[in-house]
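Secondary and tertiary structure notes
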Amino acid sequence: MIILVLNSGSSSVKYQLLEMQDKTLLASGLVERIGQSGSAYKHERLPGTDTSQVFSNEQDIPDHSTALDLVVKLITGEQTGVIKDVSSINGIGHRIVHGGEDFNTPILVDDDVVEGIRAQIPLAPLHNPGGLAGIETAKRLMPGIPNVAVFDTAFHQTMPPEAYRMAIPAELYSELKIRRYGFHGTSHLYVAKQCAATLGQTLEQTSCITVHLGNGCSMAAVKQGRCVDTSMGLTPLAGLVMGTRSGDVDPALHAFLTDKKGYSIQDIDNLLNKKSGLLGLCGDNDMRDIHARIDKGDSDAELALKIFCRRVTQYIGQYMAILDKTQAICFTAGVGENDERVRELSCATLSGLGVVLDKKRNQEVRRGEICEISSPESRVKVLVIPTNEELEIATQTAQVLSSS
Ligand code: ADP
């Protein structure tokens, strides 16, 4: 079975074409700056093999329809392609950021599903329109090929109300569905499944904490395979400190800043989403740049790292307190997989909770592999697990197609 995975953002489309029998990646790529100056694509044929080839070009890509048309040409082209024509594709899996309360599993797209995704736009105005454009264009360019929507929020829909409700007037929940939703669900589920396999047990037997640290950062408490809490909220701004996002702040900050600085609500939203986090603290948002500065003795960069890791430690403690028994803590994504100092600092004060890292194992993590980095006496295993959201979307798409 061949699955095309599409991750359509507001100005970009990321794609992967996978053969599901042996989970081979046939092609992957990115079309970016759609509708802007300098739009371009990068396409890789047979990534990770001896015959891998990369093709890229800057060209005018005014809209999602042109972008997807280009993707189809690239995956079927004589030089760039891996399949003869799109009829070889069995299904298209779309990453959709917000499914609200209506979608708790991946679903075959029909007109009602499209309307359902549209209805969530007020909750994800920057993300869901891109996903919808991806679905609508795929339907037009590849008629007859089934589309499956896979939601970032779905895995977190098992949270109990005591985890997802906020302590604000109840009518705001009934009227506007204001509650905690959580994001990165596809990654958290994939990592929890990999954790279960590493522990030699089923997902239903697995209770773990998944720590996704990339540009965006979030954590999930997984009890017997089901999400029971997560750090992001109504939007992906809540929780951990991120590259440019503040994570949790005092909710009275808005009133204070309006009063003292005359900021509008839009100014503050922009400030907390785009100018805060690591960037706001020290002027850099990439962890590699922050380490380079710390190595030269930069105290702002060092403080930014400490604040970032302290928040991770605090959330691990919170989640260990609500899980009956935590079997493993799993670090994943760009920072979680690659940054030994962040993992070490985040776990440094957790020995009282039975979490002990093995320094050497932590330093010897092999890129792209699942590695155990806790010491043998640690009551809780600490793992580094490479995430693969596209593979999880493809797997869920294949499952939906097989069962429908
Ligand atoms: P996204 O959330 O966009 O999917 P990623 O999971 O790819 O992001 O993470 C990107 C971030 O990972 C970068 O901003 C950078 O801070 C961090 N990163 C990547 N490689 C390393 C590394 N070797 N050491 C430390 N941090 C890294």
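Residues numbered from 1 in each chain as written. Predicted model: local features only at pLDDT ≥ 70, side-chain atom pairs only at ≥ 80, totals over all residues. Heavy atoms only, no water.

Per an unreviewed UniProt entry, the protein chain goes by Acetate kinase and derives from Desulfonatronospira thiodismutans ASO3-1. Taken verbatim from the UniProt record of the protein chain, the Function (unreviewed entry) comment is "Catalyzes the formation of acetyl phosphate from acetate and ATP. Can also catalyze the reverse reaction." (UniProt positions renumbered as here; feature names shortened; annotations may be inferred.)

**Digging into the packing of helix α6 (residues 185–199) against helix α15 (residues 389–403)**
Look at α6 against α15: their axes get within 9 Å of each other, and the N-to-C directions meet at 85°. With respect to α15, the element α6 is oriented roughly perpendicular. Contacts from Thr186, Ser187, Leu189, Tyr190 and Lys193 in α6 reach Glu389, Leu391, Glu392, Ile393 and Gln396 in α15. The class makeup of the residues in the contact of α6 with α15 is 4 nonpolar, 3 polar and 3 charged. (Axes fitted to C-alpha atoms, helices over the stretch in contact; angles between N-to-C directions. Helix = DSSP H or I, 4+ residues; strand = E, 2+ residues; numbered from the N terminus. Parallel < 35°, antiparallel > 145°, perpendicular 65-115°, else oblique. Contact = heavy atoms within 4.5 Å. Nonpolar A, V, L, I, M, F, W, Y, C, P; charged D, E, K, R; others polar.)

**Focus: the site of the ligand**
All residues adjacent to the ligand are Gly214, Asn215, Gly216, Asp286, Met287, Arg288, Ala333, Gly334, Val335, Asn338 and Asp339. In this structure, methionine 287 approaches the ligand through a main-chain N or O atom, which is 2.9 Å from an oxygen atom. Residue glycine 334 places a main-chain N or O atom 2.9 Å away from an oxygen atom belonging to the ligand. Burial of the ligand by the surrounding chains reaches 70%, relative to a free accessible area of 580 Å². (Near = heavy atom within 4 Å. Polar contact = N/O pair within 3.5 Å; in protein donor to acceptor, adjacent residues only side chain to side chain. Areas by Shrake-Rupley, 256 points an atom, 1.4 Å probe, with all protein chains shown as cover.)

**Concerning the layout of surface pockets**
Its volume calculated, the second largest pocket comes out at about 350 Å³. As for the second largest pocket, its lining consists of 22 residues, of which Asn104, Thr105, Pro106, Phe155 and Leu189 are closest to the centre. Of all the elements in the fold, those that place two or more residues in the lining of the second largest pocket are β8 (147–151), α6, β11 (226–230) and α15. Considering each element in turn, the lining of the second largest pocket owes the most residues, 4 residues, to α6. Of the residues that constitute the lining of the second largest pocket, the class distribution is 8 nonpolar, 10 polar and 4 charged. (1 Å grid on protein atoms, 1.4 Å probe; cavity = no way out; pocket = protein on both sides within 12 Å on 5 of 7 lines; lining within 4 Å. Points joined across faces, edges and corners; volume = space filled by probe spheres on them.)

**Observations regarding the nonpolar core**
Counting residues in hydrophobic clusters, the biggest one holds 43 residues, and the most contacted among them are Ile209, Leu213, Met219 and Phe308. Broken down by element, the residue count for this core peaks at 10 residues, all from helix α11 (residues 299–322). Those residues in contact with leucine 213, other than ones at most four positions away along the chain, are Leu240, Phe308, Val312, Phe331, Thr332, Ala333, Gly334, Val335, Gly336 and Val342. (Core = buried A, V, L, I, M, F, W, Y, C linked by side-chain atoms within 4.5 Å. Buried < 20%, exposed > 50% of the residue type's maximum accessible area, 1.4 Å probe, protein only.)

**Comments concerning the side chain of threonine 395**
Looking at where threonine 395 falls in the secondary structure, it is placed in helix α15. Contact partners of threonine 395, with chain neighbours within four places excluded, come to Met20 and Lys23.

**Quick notes on the UniProt feature "binding site: substrate" (unreviewed entry) in the protein chain**
This chain's UniProt record puts "binding site: substrate" (unreviewed entry) on Arg95. Positionally, arginine 95 belongs in strand β6 (residues 91–96). Ignoring any residue separated from it by four or fewer positions in sequence, one finds arginine 95 in contact with Leu6, Asn7, Val150, Asp152 and Ile393.

**Side note on the packing of aromatic side chains**
In the structure shown here, the tally under the stated rule is 3 aromatic pairs. On the basis of an interplanar angle of 45° and a centroid distance of 6.2 Å, the ring pair of tyrosine 164 and tyrosine 173 is categorised as tilted. Tyrosine 164 gets classed as buried once you look at its relative accessible area, which sits at 13%. Look at tyrosine 315 and tyrosine 319: their rings are 5.7 Å apart centre to centre, the planes differ by 75°, and that puts the pair in the edge-to-face class. One end of the pair is tyrosine 315 and the other is tyrosine 319, both in helix α11 and 4 residues apart, which spans about a single turn. Lying over the aromatic face of tyrosine 164, arginine 179 brings its terminal NZ or CZ to 3.6 Å of the ring centre. (Phe/Tyr/Trp six-rings, centres within 6.5 Å; stacked < 30°, edge-to-face > 60°. Lys NZ or Arg CZ within 6 Å of the ring centre and 35° of its normal.)

**Quick word on the sheet that holds strand β5 (residues 53–58)**
Read across the open sheet, the 8 strands follow the order β5-β4-β3-β2-β1-β6-β8-β7; overall the sheet is mixed. The two strands at the open ends of the sheet, each matched to only one other strand, are β5 and β7 (107–108). Pairing analysis gives 2 bridges linking β7 to β8, with the strands arranged antiparallel. When the bridges of β8 are listed, leucine 108 appears paired with valine 148. Contacting β1 (2–8), β2 (13–19), β6, β7 and β8, α15 runs over the sheet at an angle of about 125° to β1. (Pairing = 2+ DSSP bridges.)

**Quick look at the environment of aspartate 289**
Tracing the backbone shows aspartate 289 in helix α10 (residues 287–295). A sequence separation of 12 residues divides aspartate 289 from alanine 301, and the C-alpha atoms of the two residues are 8.9 Å apart.

**So, the pairing of β2**
For β2, the buried fraction is high: 6 of the 7 residues fall into the buried class. The pairing of β1 with β2 spans 7 bridges and is antiparallel. Residue isoleucine 3 lies in a different strand from β2, and its bridge partner there is leucine 18. Counted between consecutive antiparallel strands, the loop separating β1 from β2 contains 4 residues. Taken together, the 7 bridges between β2 and strand β3 (residues 24–32) define a ladder with antiparallel strand orientation. Paired with tyrosine 15 across the two strands is glycine 29, which belongs to β3. Hairpin connection between β2 and β3: a loop of 4 residues separates the two successive antiparallel strands, and lysine 23 in this loop has a positive phi of roughly 55°.

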